[in-house]
Amino acid sequence: MSIGTQSANAQIFPKIIKKNNTAPPTGESQERRNIELRGFDQESYLRTLSSVTDSIIFENNVNLGRVRSIISEDQNIIIWAPTNQLVKVSEQIQIDSIWVTAFEYYSSWDSNKIDIYNFDPKTFTDTVNIRLYDEFFGYNWKMPLEITRVTSSYGYRWRRWHYGTDLNLNTGDPVYSGFDGIVRVKSYDRYGYGYYIVIRHKNGLETLYGHLSKQLVEVGQEVKAGDLIAKGGNTGRSTGSHLHYELRYRGLAFDAEKVYDFPEYKIRGQIYSITPDLFGNIVQARTNAYHKVKKGENLGSIARKYGVSVSSLTRLNGISTRTILKIGQNLRVR
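Everything quoted here is computed from the prediction, not taken from an experiment.

S.K.: Please clarify how the overall build of the protein chain should be interpreted in this entry.
M.R.: Helix and strand counts for the protein chain come out as six helices and 24 strands. Taking all 334 residues of the protein chain together, the buried fraction comes to 43%. Long-range contacts, defined as pairs at least 24 residues apart, comprise 62% of the intrachain contacts of the protein chain with a sequence gap of at least 6. When the accessible surface of the protein chain is summed, it comes to about 18,600 Å², and 47% of that surface belongs to carbon and sulfur atoms.

S.K.: What am I meant to see in the packing of helix H5 (residues 299-306) against helix H6 (residues 310-317) here?
M.R.: A pair of packed helices is characterised by two quantities: the angle between their axes and the separation of those axes. Contact geometry of H5 with H6 gives a least axis separation of 9 Å together with a crossing angle of 100 degrees. The angle between the axes of H5 and H6 places the two elements in the roughly perpendicular class. Note on element contacts: H6 touches H5 through Val310, Leu313 and Thr314, opposite Leu299, Gly300, Ile302 and Ala303. For the contact of H5 with H6, a count of residues per class yields five nonpolar, two polar and no charged.

S.K.: How should the pattern of salt bridges be read in this particular structure?
M.R.: A side chain with one charge may pair with a side chain of the opposite charge, provided their charged atoms come close. The final tally for this structure, using the stated rule, is seven salt bridges. Arg200 is the salt-bridge partner of Glu206, the closest N and O atoms lying 3.5 Å from each other. The buried category is assigned to Glu206, whose relative accessible area is 3%. Note that Glu246 and Arg248 form a salt bridge whose closest N and O atoms lie 2.6 Å from each other. The residues Glu246 and Arg248 share a single accessibility class, namely buried. Linked through salt bridges whose partners overlap, the residues forming this network are Asp180, Lys202 and Lys224.

S.K.: Please clarify how the confidence of the model for the protein chain should be interpreted in this entry.
M.R.: In low-pLDDT regions, the fine details of the predicted coordinates are not to be read closely. Averaged over every residue, the pLDDT of the protein chain is 75; residues scoring 70 or more account for 67%. Every residue in residues 30-39 is under pLDDT 50, and counting partners more than four places away or in other chains gives 16 contacts. Scored below 50 in pLDDT, residues 49-94 shows 109 contacts in the model against residues more than four places distant or in partner chains.

S.K.: Even after reading the chapter, I still don't get the pairing of strand E17 (residues 228-232), so can you show me in this structure?
M.R.: Pairing geometry for strand E12 (residues 174-176) and E17, over three bridges, is antiparallel. Its bridge partner lying in E17, Tyr176 is registered against Leu228. Pairing of strand E15 (residues 206-215) with E17 involves three bridges; the strand directions are antiparallel. Directly across from Gln215, in E17, lies its bridge partner Ala230.

S.K.: Which parts of the structure should I look at to understand the environment of Lys258?
M.R.: In this fold, Lys258 is placed in the loop between strand E19 (252-254) and strand E20 (260-261). Sequence separation between Lys258 and Gly269 is 11 residues, and the spatial gap between their C-alpha atoms is 10.0 Å. For Lys258, the residues in contact, after removing those within four places along its chain, are Arg268, Tyr272 and Leu278.

S.K.: What's the story with H6 in this structure? I'm lost.
M.R.: Of the positions making up H6, those classed as buried are Ser312, Leu313, Thr314, Leu316 and Asn317. The inward-facing, buried residues of H6 abut strand E9 (155-157), H5 and strand E24 (330-332). Within two residues after H6, Gly318 carries a phi angle of roughly 65 degrees, on the positive side.

S.K.: I'm lost on the packing of aromatic side chains in this one. Help?
M.R.: The description of an aromatic ring pair uses the distance of the two centres, along with the angle that the planes make with each other. Across all of its chains, the model carries 17 aromatic pairs by this definition. Relative to Trp161, the ring of Tyr154 lies with its centre 5.9 Å away and its plane at 75 degrees, an arrangement referred to as edge-to-face. Owing to a relative accessible area of 15%, Tyr154 belongs among the buried residues under this scheme. When the ring of Tyr249 is compared with that of Phe279, the centres are 6.5 Å apart and the planes differ by 20 degrees; the resulting orientation is stacked.

S.K.: Sorry, what's going on with unusual backbone geometry here?
M.R.: With the exception of glycine, most residues fall at negative phi, and the peptide bonds are largely trans. Although it is not a glycine, His211 sits at a positive phi angle of roughly 65 degrees. You can call His211 buried: its relative accessible area is 5%. Backbone geometry places Tyr265, a non-glycine residue, at a positive phi of 55 degrees. For Tyr265, a relative accessible area of 37% gives the class partly exposed.

S.K.: Explain the environment of Tyr272 here, please?
M.R.: Relative to the helices and strands, Tyr272 resides in strand E22 (residues 271-274). For Tyr272, a relative accessible area of 13% puts it in the buried group. Taking C-alpha positions, Tyr272 is 10.0 Å from Thr127, a pair spaced 145 residues apart along the chain. In contact with Tyr272, other than residues within four places in its own chain, are Val128, Asn129, Ile130, Leu132, Phe254, Lys258, Val259 and Leu278.

S.K.: Where do I start with the nonpolar core in this structure?
M.R.: For soluble globular proteins, the rule of thumb is that nonpolar side chains tend to be buried together. In terms of nonpolar packing, the biggest core is built from 39 residues, with Phe254, Tyr260, Ile274 and Phe279 touching the most fellow members. Here this core takes four residues from strand E18 (residues 242-249), the largest share from any one element. Discounting residues that sit within four places of it in the chain, Phe279 has contacts with Phe119, Pro121, Phe124, Tyr249, Leu252, Ala253, Phe254 and Ile274. Judged by nonpolar contacts, the second largest core, of 10 residues, contains Val293, Leu299, Ala303 and Ile319.

Each value, and the rule that gives it
- Residues numbered from 1 in each chain as written.
- Predicted model: local features only at pLDDT ≥ 70, side-chain atom pairs only at ≥ 80, totals over all residues.
- Heavy atoms only, no water.
- Helix = DSSP H or I, 4+ residues; strand = E, 2+ residues; numbered from the N terminus.
- Buried < 20%, exposed > 50% of the residue type's maximum accessible area, 1.4 Å probe, protein only.
- Contact = heavy atoms within 4.5 Å.
- Areas by Shrake-Rupley, 256 points an atom, 1.4 Å probe, with all protein chains shown as cover.
- Axes fitted to C-alpha atoms, helices over the stretch in contact; angles between N-to-C directions.
- Parallel < 35°, antiparallel > 145°, perpendicular 65-115°, else oblique.
- Nonpolar A, V, L, I, M, F, W, Y, C, P; charged D, E, K, R; others polar.
- Salt bridge = Lys/Arg side-chain N within 4 Å of Asp/Glu carboxyl O.
- pLDDT = per-residue confidence, 0-100.
- Pairing = 2+ DSSP bridges.
- Phe/Tyr/Trp six-rings, centres within 6.5 Å; stacked < 30°, edge-to-face > 60°.
- Core = buried A, V, L, I, M, F, W, Y, C linked by side-chain atoms within 4.5 Å.

In structure tokens form, the structure reads like this:
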């Protein structure tokens, strides 16, 4: 049910009247026999009813007030459905869908940045069970490409961390949304993702699609799993046509191959558990220390300064003991 301009045949709710059958006090007018206690707020009632029926489907008895207070994180309790009401406000999109704002990490909306959640994995000690899809309630999953051949996995490569899974394609191949959701970012990164899209999903995750040749959706657009969202390409920092595909939780990427079996073209299960171990590499990276090389320094002097071995420095930085250090060069020391 949606709210629009009232038509001629719209239901008109009567005022609530309580009839007073007792005799009025001495001197009080008989007109007080029927006492109007209050008027029925029709618009407020319809807004509330629409919010309940359009935006949320209950599996169990759920306290709507608690859900809307953005403190519930039990994503197995409720199934979300959007209201399809979008309002553009100065380059931002305000979306009237409870599933977008119900959880604390969805209370922000920014179409200009990828990671907007300020999530510190070092303080994350819980296990969150993500219901990836539920066919009974009409939301599903799809692979992002028609063929998913992995050419580069998530992990450390080329002296830096690769946060996505690279899937082979030809420029112009169709790219599909992995789950139901709303497009949050549509942008271009010359030195990284090239043309890319970020979609916020009902299941608590976000997906990123990079190195696209063409973006076919707009910020704020609602998409279903399997909807065509882009054409694959070779834009940005790329060595050949492929799709850079990321799964993210609260802004942090994790290994998509823990969720998908790409060679078998299937998802590994309906539920995926987010645990602290999933972000161990990010915690480690944030605790790394670096040293900027100064004039006259060498590997030996830097190693002594930080109480580490020369072999440790060479291993951490992918260099040898014969490597000539440059002034201003950043060396990882732990």
